[in-house]
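Notes for the structure review
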Amino acid sequence: MKKLKIAAPLIALLLVLTGCRSLLTEINNYLYEDTYDPAKYATEYRNNWQYQQLGTEFQDYYGSMYTAVMDTANMASQLDFTNENGETESIAGVRIRFLDGRMKDTDTELLFEAFFRDNPQFFYVDREYRIEGQKGRDGVTYYDTIILQYLMPSELRAAAIRTFDAAIDDMLDGVPDGDDQYETQLSLYDRLAKHCTYDTVAAENMDDDSDPMAYTAYGAVVDGSAVCEGYAKAMQLLLNRCDIPATTVRGDAIDSDVSHMWNLVTINGNHYYFDPTWSDNGDKGTHAYFNITTEVLNRTHKIDEKNLGLPNCTATEDNYFVRNGTYIDFYERKKIAGVIADKILDGDTCIQLQFSPKTFDNGLLFVRNVDLIFDMVDEHLEPHGKSLWDFALTTDKESYILTIEKSEEKGLQQLL
């Protein structure tokens, strides 16, 4: 929600000034008040995904916003503004003026969204912002100022930043840093999935925004509890810190039409969609949405049209199931039995198989045929002195995944 203030024209300031020197001084102070160097931290953000989608002018505005937050993050930055009702309010935040800025309302929305989406490390910046400007001769209101609001006062903000940075360092400690970016991504995801759980309370009370941290990387990494936005922002930040390009994607879950957020990542030179929330959700299946194509994503997700510059993801090389040799796009049951046997020989006791849509029913019939699957898997295992253990079968028809997990019960149990 944006609250607007229409600033008085500059001429109103000039009328109260006397003397040339005083006039020039006051004009100079006015022009450069609340302005920030857009290039001061350019090396930190110039490769950010959303920043790259902006035009040159907006990139400068983005840079000014970045500098403003960096330079005031640990400062007592209380400011006053006049709301749309003409009332004065005081908030913790920072005002950023853009010299010669003439943005329309939709321009400021685009700019803020790009900045907010690119910088999950600024977890203390509120999702609401305010804009200031004045009407032009054409009757259109143009804006040259954005006010960013902080979610906490300076003393709490400074402590939270230290805690957050330490938690990020812990999460990154020992992560594989070799040439294979997939291994780095998988390690980061597994750590986050183990550390963070989905915040159902925050999700059910989205309107009252009772826990703003649940929507941030701070909630996911420090509190260990977040909604989809927190998961996606945490993964974005962790991947970026490992020099893996990543951004967040807004949209909806098709089955429920509920707002959702996930990631776009570039792994080993290819683009993939990656949903860390649904991959960590028990009823969706572990790694079910780990590096998927646009075609696969569109079965369950709807991408918001306001997302900028999203590519058509077609690569499959670093899909989780492809990399693990457990993606099944064939009908031969002997080959399916071989895949299961190979995983048992690797020491796995929970095997997930993802089928193509056309082969899923065939695979399900095969795994449910107790005598046949035991005979065919054991044919591969007997030369190694092993046999297929009793197992529980879980099916996820939405993702075409069958989970075969070792069980103490005899034979096969179908859980879902």
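Relevant structure appears above.
Below you will find a few notes about this structure. (Residues numbered from 1 in each chain as written. Predicted model: local features only at pLDDT ≥ 70, side-chain atom pairs only at ≥ 80, totals over all residues. Heavy atoms only, no water.)

Let's talk about the pairing of strand S15 (residues 401-406)
Relative to S15, strand S13 (residues 350-355) runs antiparallel, the two being bridged by five bridges. Within the sheet, the bridge partner assigned to Leu-353 lies in S15 and is Leu-402. Here strand S14 (residues 391-396) hands over to S15 after four residues, with Tyr-400 in that stretch at a positive phi of 60°. (Pairing = 2+ DSSP bridges. Helix = DSSP H or I, 4+ residues; strand = E, 2+ residues; numbered from the N terminus.)

Brief notes about helix H7 (residues 154-172)
Taking 1.5 Å of rise per residue, the 19 residues of H7 would be expected to cover 27 Å, and the 27 Å separating its terminal C-alpha atoms lies within 8% of that figure. Among all positions in H7, only Ser-154, Arg-157, Ala-158, Ala-160, Ile-161, Phe-164, Ala-167, Ile-168 and Met-171 are buried. Where the residues of H7 are buried, they touch helix H5 (56-72), strand S3 (88-97), strand S5 (141-150), helix H8 (181-195), helix H10 (217-223) and helix H11 (228-241). Where H7 ends, the next residue or the one after it, Gly-174, has phi of about 80°, a positive value. (Expected span 1.5 Å × (residues − 1). Buried < 20%, exposed > 50% of the residue type's maximum accessible area, 1.4 Å probe, protein only. Contact = heavy atoms within 4.5 Å.)

Section: the packing of H5 against helix H6 (residues 105-118)
Contact pair H5 / H6: the axes reach a minimum separation of 10 Å and the direction vectors enclose 50°. Classed by the angle they form, the pair H5 and H6 counts as oblique. Here H5 and H6 pass one another in a crossing that is right-handed. Every residue of H6 that contacts H5 at Phe-58, Tyr-61, Tyr-62, Met-65, Tyr-66 and Val-69 is listed here: Asp-107, Leu-110, Leu-111, Phe-112, Ala-114, Phe-115 and Asp-118. In terms of residue class, the contact of H5 with H6 is built from 11 nonpolar, no polar and two charged. (Axes fitted to C-alpha atoms, helices over the stretch in contact; angles between N-to-C directions. Parallel < 35°, antiparallel > 145°, perpendicular 65-115°, else oblique. Left-handed = near helix turned anticlockwise from the far one by under 90°. Nonpolar A, V, L, I, M, F, W, Y, C, P; charged D, E, K, R; others polar.)

Focus on the sheet that holds strand S8 (residues 246-253)
Taken in spatial order, the four strands of this open sheet run S10-S9-S8-S11, and their pairing is antiparallel. Bordering the open sheet on either side are strand S10 (270-274) and strand S11 (301-303), each of which pairs with just one other strand. Each neighbouring strand pair of the sheet contributes to a mean axis angle of 40°, computed without reference to strand direction. With three bridges connecting them, S8 and S11 associate as antiparallel partners. Within S11, the position partnered with Asp-252 by the bridge is Lys-302.

Overview of the pairing of strand S2 (residues 78-82)
Going residue by residue along S2, you find Leu-79 and Phe-81 tucked away on one face and Gln-78, Asp-80 and Thr-82 left uncovered on the opposite face. Of the strand pairs in this sheet, S2 and S3 are connected by five bridges, and their pairing is antiparallel. Residue pairing in the sheet places Gln-78 in a bridge with Ala-92 of S3. Counting the residues that bridge the hairpin from S2 to S3 gives five residues, and of these Gly-86 lies at a positive phi of roughly 80°.

As for the sheet that holds strand S12 (residues 327-328)
In spatial order, the strands read S12-S13-S15-S14-S16; together these five strands make up an open sheet with mixed pairing. Two strands bound the open sheet, and with one partner strand each, they are S12 and strand S16 (412-414). Along the sheet face, helix H15 (residues 333-345) touches S12, S13 and S15 and points at about 150° away from the line of S13.

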